[in-house]
Amino acid sequence: KAGVTQTPRYLIKTRGQQVTLSCSPISGHRSVSWYQQTPGQGLQFLFEYFSETQRNKGNFPGRFSGRQFSNSRSEMNVSTLELGDSALYLCASSWDEGQPQHFGDGTRLSIL
Amino acid sequence: AQSVAQPEDQVNVAEGNPLTVKCTYSVSGNPYLFWYVQYPNRGLQFLLKYITGDNLVKGSYGFEAEFNKSQTSFHLKKPSALVSDSALYFCASRGSGYSTLTFGKGTMLLVSP
């Protein structure tokens, strides 16, 4: 069974640009969550989608948005990029809330 | 609000010795508790999950975790550490009712030869 796939693995952008990150969950998993990981703040929850509906949202500005498609694939978008958005963005999928989340290897976003 | 605390930034242990990585949690209701491991430039890998009623949970790679309800703790243990166990370990909790998964700040485990 294929794991969670995140594309691209690395991305370099400049301030003010926007970016879209993609996540393909494990087949059959309906829940997809996104996290931002930085050395200073650790792992911070961005949002969770379940069957195309946003079920939970973390404390991030509106520049961060996401969506989930009918095949459970998910994208997150960050607009008007800031230097502080440089981070590892992790996607995780699970069957449901009580089940373990399985993580992709992340997208490393660097803002110049 | 739920929270997870990992009081140690780093744990050092010699290969072959037992290891413990500490975690305490605060969550309403019966918690879902998890341990994950992260190697450099990789995502998090699931190690084990607390199942209601089991005070000792066995997981992958010889790891186990001890659940203590009165102390609200879920410490990760391994009887004999390997150098390859050196990595960043995260404890996480999730309450019932579609709450979010909350992570501790992580503990770096360094196993010396």
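Structure: see above.
The present account deals with the structure reproduced in this document. (Residues numbered from 1 in each chain as written. Chains lettered and ligands numbered in written order. Predicted model: local features only at pLDDT ≥ 70, side-chain atom pairs only at ≥ 80, totals over all residues. Heavy atoms only, no water.)

A word on the overall build of chain B
Each helix and strand in chain B was counted, giving 0 helices and 12 strands. When its helices and strands are written in sequence order, chain B yields β-β-β-β-β-β-β-β-β-β-β-β. Since a compact globule built from 113 residues should have a radius of gyration of about 13 Å, the 13 Å found for chain B is in line with a globular shape. For chain B, the C-alpha atoms occupy an extent of roughly 45 × 30 × 20 Å along the three principal directions. With 113 residues in all, chain B has 48% of them scored as buried. With the model as given, the accessible surface of chain B reaches about 5,300 Å², and the carbon-plus-sulfur share is 51%. Side-chain charges of chain B comprise 9 positive and 7 negative groups, with the mean position of each set lying 7 Å from the other. (Helix = DSSP H or I, 4+ residues; strand = E, 2+ residues; numbered from the N terminus. Rg over C-alpha atoms; globule rule 2.2 N^0.38 Å. Buried < 20%, exposed > 50% of the residue type's maximum accessible area, 1.4 Å probe, protein only. Areas by Shrake-Rupley, 256 points an atom, 1.4 Å probe, with all protein chains shown as cover. Lys, Arg positive; Asp, Glu negative; His and termini not counted. Charge placed at Lys NZ, Arg CZ, Asp CG, Glu CD.)

Thoughts on the state of the cysteines
Using the criterion set out here, one finds 2 disulfides over all chains in the structure. A sulfur-sulfur separation of 1.8 Å characterises the disulfide bridge that pairs Cys 23 of chain A with Cys 91 of chain A. Here the S-S torsion is close to -60 degrees, and the disulfide linking Cys 23 of chain A with Cys 91 of chain A is therefore left-handed. With Cys 23 of chain A in strand β3 (residues 19-24) and Cys 91 of chain A in strand β9 (residues 87-94), this pair connects stretches of sequence that are 68 residues apart. When its relative accessible area of 0% is taken as the criterion, Cys 23 of chain A is described as buried. Cys 23 of chain B shares a disulfide with Cys 91 of chain B; S-S distance 2.0 Å. Taking the sign of the torsion about the S-S bond as the criterion, the disulfide between Cys 23 of chain B and Cys 91 of chain B, at about -60 degrees, is left-handed. Linking Cys 23 of chain B in the loop between β3 (19-21) and β4 (24-26) with Cys 91 of chain B in strand β10 (residues 87-94), this pair joins segments that are 68 residues apart in sequence. A residue is classified by how much of its surface remains accessible, and Cys 23 of chain B, at 0% relative accessible area, is buried. (Disulfide = S-S within 2.5 Å.)

A short note on the pairing of strand β9 (residues 73-78) of chain B
Residues and elements named next belong to chain B. The buried fraction of β9 is high, at 5 of 6 residues. The pairing of β3 with β9 spans 3 bridges and is classified as antiparallel. Bridge pairing in β9 links Leu 19 to Lys 78. Both strand β8 (residues 64-68) and β9 contribute to a ladder of 5 bridges, which runs antiparallel. Each bridged residue has a counterpart across the sheet, and for Phe 67 the counterpart in β9 is Phe 74. Hairpin connection between β8 and β9: a loop of 4 residues separates the two successive antiparallel strands, and Thr 72 in this loop has a positive phi of roughly 45 degrees. (Pairing = 2+ DSSP bridges.)

Structural notes on the pattern of salt bridges
Pairs may arise between side chains of opposite charge once their charged atoms sit close together. Under the definition given, this model contains 11 salt bridges over all chains. With a closest N to O distance of 2.9 Å, Glu 48 of chain A and Arg 55 of chain A form a salt bridge. For Glu 48 of chain A, a relative accessible area of 1% corresponds to the buried category. Here Arg 63 of chain A ties to Asp 85 of chain A by a salt bridge, and the two come within 2.8 Å at their closest N and O atoms. In this pair, Arg 63 of chain A sits in the loop between β6 (53-57) and β7 (64-68) while Asp 85 of chain A sits in the loop between β8 (74-78) and β9, placing the two residues 22 residues apart along the sequence. Grouping residues by exposure puts Arg 63 of chain A and Asp 85 of chain A together as buried. One salt-bridge network, in which partners are shared between bridges, spans Glu 48 and Arg 55 of chain A together with Arg 94 of chain B. (Salt bridge = Lys/Arg side-chain N within 4 Å of Asp/Glu carboxyl O.)

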